[in-house]
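# Per-entry structural report
Below are the chains, spelled out letter by letter.
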Amino acid sequence: MHLRAIKLRGFKSFPDPVEVRLEPGVAVVVGPNGSGKSNVADAIVWAAGSLAPSELRAEKPDDVLFAGGGGRAAEDFCEVELLFDNADGDGPLPYSELSVARRLHRGGEGQYLLNRTSVRRIDLVELLADLGLGGGMHSIIGQGRVEEILASKADQRRELLEEAAG
């Protein structure tokens with residue numbers, strides 16, 4: 001089972017719907033400064049149930065909503081959807097594709113969705129932990145950690161990579 005795509009709409013610097021497709025294995029998002037690379041990583045963390053704005057480079061929960069700019073109005077809601085390919089049936093649920101999504105409306109009303117059905121946050125967080133994408137795991141490494149990892153000792157790097165690989 002692997003993360004096949006990330007769909008964003010109204011999230012931070014992505015007012016229009018955007019789909020980032022990922023192939024099996026290690027995925028790296030590369031681009032120039034200001035292109036939204038960190039916002040893609042933030043989107044995954046947010047969709048996975050993060051409640052701490054500081055984990056998302058934000059001050060308050062509404063900061064994940066597109067704030068407007070360039071002649072465009074602010075968005076009233078945002079949504080991030082993580083699509084998992086489970087064609088091999090190795091995942092914890094019997095679906096060939098698994099959709100995990102989070103929505104937030106300006107003012108604070110939010111939803112967690114599993115295959116477009118509303119679920120509790122705890123259920124979503126536990127499912128993602130089973131998939132290796134949860135709090136405290138090293139599935140997502142931001143640019144600030146790359147130098148730290150490269151400068152670490154070989155056994156520390158190996159431990160981090162083994163944990164990330166499950």
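In this numbering scheme, every chain counts its residues from 1 along its sequence in written order. For this predicted model, a pLDDT threshold of at least 70 governs which residues receive local features, and a threshold of 80 or more governs which side-chain atom pairs are given and counted, while totals over whole chains, interfaces and linings are taken from all residues. Remark: hydrogens and water are excluded; side-chain values derive from all non-hydrogen atoms of the structure.

### Points about the nonpolar core
What counts here: Residues enter a nonpolar core if they are buried and are Ala, Val, Leu, Ile, Met, Phe, Trp, Tyr or Cys, with the set joined through side-chain atoms within 4.5 Å. Each residue is placed in one exposure class: buried if its accessible area under a 1.4 Å probe, protein chains only, is under 20% of its type's maximum, exposed if it is over 50%, and partly exposed if it falls in between. Under the scheme used here, helices are H or I runs from DSSP no shorter than 4 residues and strands are E runs no shorter than 2 residues, and both carry numbers assigned from the N terminus. Residue contacts are counted whenever heavy atoms from the two residues lie within 4.5 Å of one another.
Among the nonpolar cores identified, the biggest contains 28 residues, and Ile6, Phe11, Trp46, Val80, Leu82 and Phe84 are the most heavily contacted of them. The element that contributes the greatest number of residues to this core is helix H1 (residues 37-47), accounting for five residues. Setting aside residues no more than four positions away along its own chain, valine 80 makes contact with Ile6, Lys7, Leu8, Phe11, Ala43, Trp46, Ala47, Val100, Ala101 and Arg102.

### As for a nonpolar patch on the surface
Quick note on the threshold: Think of a patch as exposed residues, more than 30% relative accessible area, with no salt bridge, where like charges cluster within 9 Å and nonpolar side chains (Val, Leu, Ile, Met, Phe, Trp, Tyr) cluster within 5 Å. Working definition of accessibility: Shrake-Rupley area with a 1.4 Å probe, residue cover restricted to the visible protein chains. We define a salt bridge as a side-chain nitrogen of Lys or Arg found within 4 Å of a carboxyl oxygen belonging to Asp or Glu.
Residues Val26, Val28 and Val30 make up a contiguous nonpolar surface patch of about 380 Å² in total accessible area. Turning to its location among the elements, valine 28 is positioned in the loop between strand E2 (18-21) and H1.

### Things to note about the confidence of the model for the chain
Heads up, the condition is: Residue-level confidence of the predictor is summarised by pLDDT, bounded by 0 at the bottom and 100 at the top.
Confidence in the prediction of the chain, expressed as mean pLDDT, is 85, and 89% of residues score 70 or more. Model confidence for the chain, summarised as mean pLDDT per element, is weakest for helix H3 (residues 143-151) at 70 and strongest for strand E6 (residues 117-119) at 96.

### Digging into the environment of glutamate 19
Our working rule: Contacts described as polar in this section are N or O atom pairs within 3.5 Å, which, within protein, must combine one atom able to donate a hydrogen with one able to accept it, while residues neighboring in sequence count only if both atoms come from side chains.
Within the element layout of this structure, glutamate 19 appears in strand E2. Classification of glutamate 19 as partly exposed rests on a relative accessible area of 34%. Separated by twelve residues in sequence, glutamate 19 and lysine 7 place their C-alpha atoms 4.4 Å apart. Within the local environment of glutamate 19, its side chain forms a polar contact with the side chain of arginine 21, the two groups lying 3.3 Å apart.

### Looking at the side chain of serine 99
Mapped onto the elements of the fold, serine 99 is located in strand E4 (residues 97-105). Setting aside residues no more than four positions away along its own chain, serine 99 makes contact with Glu81, Leu82, Leu83, Leu113, Leu114 and Asn115.

### Quick word on the pattern of salt bridges
One pass over the structure, following the stated rule, counts eleven salt bridges. Put simply, glutamate 97 and arginine 4 hold a salt bridge, and the shortest N to O gap is 2.3 Å. Of this pair, glutamate 97 sits in strand E4 while arginine 4 sits in strand E1 (residues 2-9), placing them 93 residues apart in sequence. Residue arginine 4 is classed as partly exposed on the basis of its relative accessible area of 25%.

### Description of the pairing of E1
Note the threshold: Here, a strand pair is defined by DSSP locating no fewer than two bridges between the strands.
Here seven bridges tie E1 to strand E3 (residues 77-85), and the two strands are oriented antiparallel to one another. In the strand pairing of E3, alanine 5 is matched with leucine 83. Looking at chain direction, E1 and E2 are connected through four bridges and run antiparallel. Bridging across to E2, isoleucine 6 finds its partner in valine 20.

### Focus: the environment of glycine 25
Mapped onto the elements, glycine 25 comes out in the loop between E2 and H1. By relative accessible area, which is 66% here, glycine 25 ends up exposed. Between the C-alpha atoms of glycine 25 and histidine 2, which are 23 residues apart in sequence, the distance is 8.0 Å.

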